[in-house]
Amino acid sequence: MKRKVKRAEKIKTKEMPFWIKVLAVLDYIGAVCFILFGITLLILAPVIGKTGIDKIQNEYISGADYQQLLQNNPDLAKSTLELTMAVLKGLTYIGIVLIILGVIYFFIGRGLWKGKNWARIVESVFSVLGLILSLSSLFSGNFFSIFSILINGLIAWYLLFNKNVLIAFGVK
C-alpha cells in the first residue's frame, strides 16, 4: 500500500514531460475541431437536405413534367427523395459521432495533462489504430500515409516505452 502512495505522490509532485503536455494540447485542439465540425454538420444537414429536396421538386416534379415523370418512371421521384433523406440522416449521424469523438478527446487530453495512466493507454491504443489504418492506406497506394505512420509510430513508442513517461504515469 505504501508503494502505491509513493507512486501517486511522485505523479503529483513530478512535472509531466513536455511532449505529454504537447499531446494533451493537441488533444484539446482536436476535441474543439471535432465538436465544431460536428455542430456544423448538425446545422448544415437540414439545409443540405432541404436544398436537395427543393431541387428535386423544382427540376423533376413541377407541373407537366411531374405527370410525364410519373408515366415514365413512377419510382424515380420517390427514390430520389429517399436518397436525399438518407444523405440527411447520414450527415446527422456523422455530426453526432464527431461531437462524441470531440468529448472523448477532451477527456483524454485532460487525463494526459493530469497524469492519468488510463489516458496514456487510450492515447496509445488510438495511435496504434492510426498506425494500422495508415499502413493499410499505404498498401492501397497512398504514399503520403508514410507521414501518418511516422507520427503515430512515434507517439505510440513514446507513450508505451519512454522511461520518463512511464515514471511520470507511475508505471515504473
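The structure under discussion appears in the preceding block.
First, a word on scope: everything that follows refers to the structure included in this document. For clarity, every value in this text was computed on a predicted model and none was experimentally measured. (Residues numbered from 1 in each chain as written. Predicted model: local features only at pLDDT ≥ 70, side-chain atom pairs only at ≥ 80, totals over all residues. Heavy atoms only, no water.)

**Brief notes about the packing of aromatic side chains**
Under the definition given, this model contains 5 aromatic pairs. Ring plane angle 75° and centroid distance 5.1 Å describe the contact between Phe-18 and Trp-19, whose orientation is recorded as edge-to-face. The same class applies to Phe-18 and to Trp-19, which are both exposed. When the centroid spacing of 5.5 Å and the interplanar angle of 50° are considered together, the rings of Tyr-105 and Phe-126 count as tilted. With a gap of 21 residues between them, Tyr-105 in helix α4 (residues 74–114) and Phe-126 in helix α5 (residues 117–139) connect regions that are remote in the sequence. Phe-126 sits in the partly exposed class, given a relative accessible area of 28%. One Lys or Arg, Lys-21, reaches over the ring of Trp-113 and ends 5.2 Å from the middle of that ring. (Phe/Tyr/Trp six-rings, centres within 6.5 Å; stacked < 30°, edge-to-face > 60°. Buried < 20%, exposed > 50% of the residue type's maximum accessible area, 1.4 Å probe, protein only. Helix = DSSP H or I, 4+ residues; strand = E, 2+ residues; numbered from the N terminus. Lys NZ or Arg CZ within 6 Å of the ring centre and 35° of its normal.)

**Quick notes on the pattern of salt bridges**
Evaluation of the coordinates by the stated rule reveals 1 salt bridge. Glu-15 is paired through a salt bridge with Lys-21; the nearest N and O atoms lie 2.4 Å apart. (Salt bridge = Lys/Arg side-chain N within 4 Å of Asp/Glu carboxyl O.)

**Digging into the packing of α5 against helix α6 (residues 145–161)**
Between α5 and α6, whose axes approach to 8 Å, the crossing angle comes to 155°. Taken together, the axes of α5 and α6 lie roughly antiparallel to each other. As for how α5 packs across α6, the hand of that crossing is left-handed. From α5, Arg-120, Glu-123, Ser-124, Ser-127, Val-128, Gly-130, Leu-131, Ser-134, Leu-135, Ser-137 and Leu-138 reach across to α6, where they touch Ser-145, Ile-146, Ser-148, Ile-149, Asn-152, Gly-153, Ile-155, Ala-156, Leu-159 and Leu-160. Each residue belonging to the contact of α5 with α6 can be placed in one class, and the counts come to 10 nonpolar, 9 polar and 2 charged. (Axes fitted to C-alpha atoms, helices over the stretch in contact; angles between N-to-C directions. Parallel < 35°, antiparallel > 145°, perpendicular 65-115°, else oblique. Left-handed = near helix turned anticlockwise from the far one by under 90°. Contact = heavy atoms within 4.5 Å. Nonpolar A, V, L, I, M, F, W, Y, C, P; charged D, E, K, R; others polar.)

**Here we look at the nonpolar core**
Ile-20, Leu-112, Leu-159, Val-165 and Phe-169 are the most contacted members of the largest nonpolar core, which has 13 residues in total. For this core, the secondary-structure elements that each account for two or more residues are α2 (18–59), α4, α6 and α7 (163–168). Excluding residues within four positions of it along the chain, Leu-112 makes contact with Met-16, Ile-20, Leu-23, Ala-24, Asp-27, Ala-119, Arg-120, Glu-123 and Phe-169. Core analysis: the next-biggest nonpolar cluster, separate from the first, contains 5 residues, Leu-41, Ala-45, Leu-88 and Leu-91 among them. (Core = buried A, V, L, I, M, F, W, Y, C linked by side-chain atoms within 4.5 Å.)

Keep in mind these values describe shape, not function.
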